[in-house]
Amino acid sequence: MSEITLTAYNVKTKEKGVPIQDAVITKTAKGAYMAQGHDGKGNKLTTLLGEEKALAAIKAGIAKQGWE
């Protein structure tokens, strides 16, 4: 996992694999990890992540941590 990218499905434009910009990773009430951001065109993006990928994205600096 040397090159980490966060991608999501854009519901508005029906595109798959859209890169998430300004990502913030949060935890859900059940303990899952979720990345939220935008696509650069004003469309919001959200996707669920596994713990390993979420923590790796924070460590790599491509996402911010949204919990304490």
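Residues numbered from 1 in each chain as written. Predicted model: local features only at pLDDT ≥ 70, side-chain atom pairs only at ≥ 80, totals over all residues. Heavy atoms only, no water.

Caption draft 1: Quick look at the side chain of N43. Within the secondary structure layout, N43 lies in the loop between β4 (33-38) and β5 (44-49). Here D39 takes part through its side chain, which lies 3.0 Å from a polar atom of the side chain of N43. When sequence neighbours within four positions are dropped, the list of residues in contact with N43 reads N10, K12, T13, G37 and H38. (Helix = DSSP H or I, 4+ residues; strand = E, 2+ residues; numbered from the N terminus. Polar contact = N/O pair within 3.5 Å; in protein donor to acceptor, adjacent residues only side chain to side chain. Contact = heavy atoms within 4.5 Å.)

Caption draft 2: Examining the sheet that holds strand β3 (residues 21-27) more closely. Pairing is mixed in the open sheet, where four strands are placed in the order β5-β4-β3-β6. Among the strands making up the open sheet, the edge pair consists of β5 and β6 (63-65). In this sheet, adjacent strand axes meet at a mean angle of 25 degrees when their direction is disregarded. In the sheet, β4 pairs with β5 via six bridges, with the strands oriented antiparallel. By the bridge assignment, A35 is partnered in β5 with T47. Its contacts with the sheet place helix α1 (residues 51-60) against β3, β4, β5 and β6, and it is angled at close to 100 degrees to β6. (Pairing = 2+ DSSP bridges. Axes fitted to C-alpha atoms, helices over the stretch in contact; angles between N-to-C directions.)

Caption draft 3: Here's a closer look at the pairing of strand β2 (residues 15-19). Here strand β1 (residues 7-10) pairs with β2 via three bridges, running antiparallel. Note on β2: the bridge partner recorded for T7 is P19. Counting the residues between successive antiparallel strands, the hairpin from β1 to β2 contains four residues, one of them, K14, with a positive phi of roughly 60 degrees.

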